[in-house]
Amino acid sequence: MKALSSKKSVLMQGFTVRDYVKEFGPAIKQLATWLQEDKIKYSETIVEGFDNTPQAFLDLFKGKNSGKMIVKI
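Structure report, in brief. None of the values given here were measured: they were computed from a predicted structure. (Residues numbered from 1 in each chain as written. Predicted model: local features only at pLDDT ≥ 70, side-chain atom pairs only at ≥ 80, totals over all residues. Heavy atoms only, no water.)

Focus: the packing of aromatic side chains
At step 1: Applying the stated criterion across every chain, the model contains 2 aromatic pairs.
At step 2: A ring pair is formed by Phe15 and Tyr20, whose centres lie 5.7 Å apart and whose planes are at 90 degrees; its orientation type is edge-to-face.
At step 3: With a relative accessible area of 59%, Phe15 lands in the exposed category. (Phe/Tyr/Trp six-rings, centres within 6.5 Å; stacked < 30°, edge-to-face > 60°. Buried < 20%, exposed > 50% of the residue type's maximum accessible area, 1.4 Å probe, protein only.)

As for the pattern of salt bridges
At step 1: What the rule picks out here adds up to 2 salt bridges.
At step 2: In this structure, Glu37 and Lys39 form a salt bridge, with 3.3 Å as the shortest nitrogen-oxygen distance.
At step 3: Between Lys41 and Asp38 there is a salt bridge; the shortest N-O distance is 3.8 Å. Of the two residues examined, Lys41 and Asp38, each falls in the exposed class. (Salt bridge = Lys/Arg side-chain N within 4 Å of Asp/Glu carboxyl O.)

Looking at the pairing of strand S1 (residues 44-48)
At step 1: Only one face of S1 is covered, namely the one carrying Thr45 and Val47; the face carrying Glu44, Ile46 and Glu48 has none of its residues buried.
At step 2: Pairing analysis gives 5 bridges linking S1 to strand S2 (residues 68-72), with the strands arranged parallel. Each bridged residue has a counterpart across the sheet, and for Val47 the counterpart in S2 is Val71.
At step 3: Crossover connection from S1 via helix H2 (residues 53-61) to parallel S2: handedness right-handed. (Helix = DSSP H or I, 4+ residues; strand = E, 2+ residues; numbered from the N terminus. Pairing = 2+ DSSP bridges. Right-handed = clockwise from strand over helix to strand, strands pointing away.)

What follows is the structure in structure tokens.
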């Protein structure tokens, strides 16, 4: 008798934020609680001045930012 061959499969599926609009309220409350409790951390790179926007954009794609890249005008 022949042995059955083993097959593996995987499914990759994307989503958009709009798929979860009704969960925004509860999610924001939960995330705020976790932030207050220091259970999650975040980082930002803040660049000052509108004139620095092009360089901030270029730096973003060079990986020169830590966390979210923000331009403060």
